[in-house]
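Below, each chain spelled out in residue letters.
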Amino acid sequence: MELLKKRILEVGAVVSDQILKLDAILNHQVDPQLIKAIGQEFARLFGESKPTKVLTVESSGIPIAYATAYELGVPLVFARRKKPVTMVDDLYVERVPSFTKGIVTDIMVASEFLKADDRVLLVDDFIANGDAARGLIRIIERSGAELLGVGIAVEKAFQAGGSSIRERGIRVESLARIASLEGGRITFAD
Ligand code: G4P
Ligand code: NA
Ligand code: NA
């Protein structure tokens, strides 16, 4: 997606060989026009498979997932990282390591919002090692819902997350694939 790549080159800050800071558009401040375009692109890519839900995990996946769900005309569900007091019913909980934070956290979805007849599009802002995505996939599997595919805004192709999910036969669409951040330079994969 050329617009996303252009914005990444404009505002992206290479923090290390592993980490790209996109706080100006995705992870702290949010660019609504760009997010809307990302939602339209995921809806174009996955609309034919007729999703009934878009699933992400809080917090940075939410704007993209919202835009996608809005375009598709279906609900967005975001996995919680902390259990709210209102969340008392049956939960699917999965433990995931976080590459960026270096800790292990739980992500959870109430079973009432993910049913066996749901057709789920998984969406997230970044994929690194893919632990967050794999945790969400385990939740979808436990619910009995069908996973249609995974939409990622920024894939760090030098880390194994995207390819490890594709190897399982799951469709993964990334709108910007980054081959390298070495030398402080952003190099795209295509
Ligand atoms: P992984 O699942 O792919 O292994 O990576 P990780 O555990 O780090 O989970 C993805 C989280 O890390 C997401 O945030 C994602 O946005 C962030 N992330 C991974 N690599 C980068 C990067 O190079 N730059 C930025 N800006 N973020 C990255 P999160 O932990 O879910 O927190 P939140 O921001 O959604 O609250
Ligand atoms: Na994030
Ligand atoms: Na995320």
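All values derive from a computational prediction rather than experimental measurement. (Residues numbered from 1 in each chain as written. Chains lettered and ligands numbered in written order. Predicted model: local features only at pLDDT ≥ 70, side-chain atom pairs only at ≥ 80, totals over all residues.)

## A few points about helix α3 (residues 32-46)
Inclusion rule: A run of DSSP states H or I qualifies as a helix once it reaches four residues; a run of E qualifies as a strand once it reaches two. Both are numbered from the N-terminal end. The span expected for a helix works out to 1.5 Å for each residue beyond the first. What counts as a contact is two residues whose backbone-derived C-beta atoms lie within 7 Å of each other.
Taking 1.5 Å as the rise per residue, α3 with 15 residues should run 21 Å; its terminal C-alpha atoms sit 21 Å apart, in good agreement. Packed against the buried residues of α3 are α1 (2-11), α2 (23-27), α4 (62-72), β7 (119-127), β8 (146-156) and β9 (172-180).

## So, the UniProt feature "binding site: xanthine" (unreviewed entry) in the protein chain
For the record, the criterion: UniProt positions are given in the numbering used here, feature names are shortened, and annotations may be inferred rather than shown by experiment. Comment: burial labels come from other C-beta atoms within 10 Å of the residue's own C-beta, placed from the backbone, where a count of 20 or more is buried, 12 or fewer is exposed, and between is partly exposed.
Here the UniProt-annotated "binding site: xanthine" (unreviewed entry) positions come out as Leu-20, Asn-27 and Lys-156. Within the secondary structure, Leu-20 sits in strand β2 (residues 20-21). Residue Leu-20 is classed as partly exposed on the basis of its 18 C-beta neighbours within 10 Å. The residues touching Leu-20, leaving out its near neighbours within four places in the chain, are Gly-12, Val-14, Val-15, Ile-178, Leu-181 and Ile-186. Setting aside chain neighbours within four positions, we find Lys-156 in contact with Ile-127, Ala-128 and Ile-178.

## Notes on α1
Operational definition: Working definition: the arc comes from the directions between the helix axis and the C-beta atoms, pointing outward to the latter.
Among the residues of α1, those classed as buried are Leu-4, Arg-7 and Ile-8. Along the axis of α1, the buried residues cluster in a sector spanning 105°; they form a single face. Within α1, the exposed residues directed more than 90 degrees away from the buried face are Glu-2, Lys-6, Leu-9 and Glu-10. Against the buried residues of α1 lie α2, α3, β8 and β9.

## Brief notes about the pairing of β7
Spelled out, the test is: When DSSP finds two or more bridges between two strands, those strands count as paired.
The element β7 is extensively covered by neighbouring structure, given that eight of its nine residues are classed as buried. Here strand β3 (residues 53-57) pairs with β7 via three bridges, running parallel. Of the residues in β7, the one forming a bridge with Lys-53 is Val-120.

## As for the environment of Arg-7
Here Arg-7 lies in helix α1. With 127 residues separating them in the primary sequence, Arg-7 and Arg-134 have C-alpha atoms 28 Å apart.

## Considerations on the UniProt feature "binding site: 5-phospho-alpha-D-ribose 1-diphosphate" (unreviewed entry) in the protein chain
According to UniProt, the "binding site: 5-phospho-alpha-D-ribose 1-diphosphate" (unreviewed entry) feature falls on Ala-128, Asn-129, Gly-130, Asp-131 and Ala-132. Looking at the element boundaries, Gly-130 is found in the loop between β7 and α5 (131-143). Assessed through the 23 C-beta atoms surrounding it within 10 Å, Gly-130 is described here as buried. Setting aside anything within four residues of it in sequence, one finds Gly-130 in contact with Ala-160, Gly-161, Gly-162, Ser-164 and Ile-165. Considering the arrangement of structural elements, one finds Asp-131 in helix α5. Assessed through the 20 C-beta atoms surrounding it within 10 Å, Asp-131 is described here as buried. If we skip the residues at most four places from it in the chain, Asp-131 touches Val-96, Pro-97, Ser-98 and Phe-99.

## Notes on the site of ligand 1
As a reminder, the rule being used: Only the C-beta atom matters for nearness: placed from the backbone, it must lie within 6 Å of the molecule or strand for the residue to count as near. Side-chain classes follow a simple rule in which Ala, Val, Leu, Ile, Met, Phe, Trp, Tyr, Cys and Pro form the nonpolar group, Asp, Glu, Lys and Arg form the charged group, and the remainder, Gly included, forms the polar group.
Every one of the 23 residues lining ligand 1 counts as a neighbour, but Ser-60, Phe-99, Ala-128, Asn-129 and Ala-132 are closest to it. Secondary structure elements with two or more residues in the shell around ligand 1: β2, β7 and α5. Per-element tally for the shell around ligand 1: the top contributor is β7, with three residues. Across the shell around ligand 1, the residue classes break down as nine nonpolar, nine polar and five charged.

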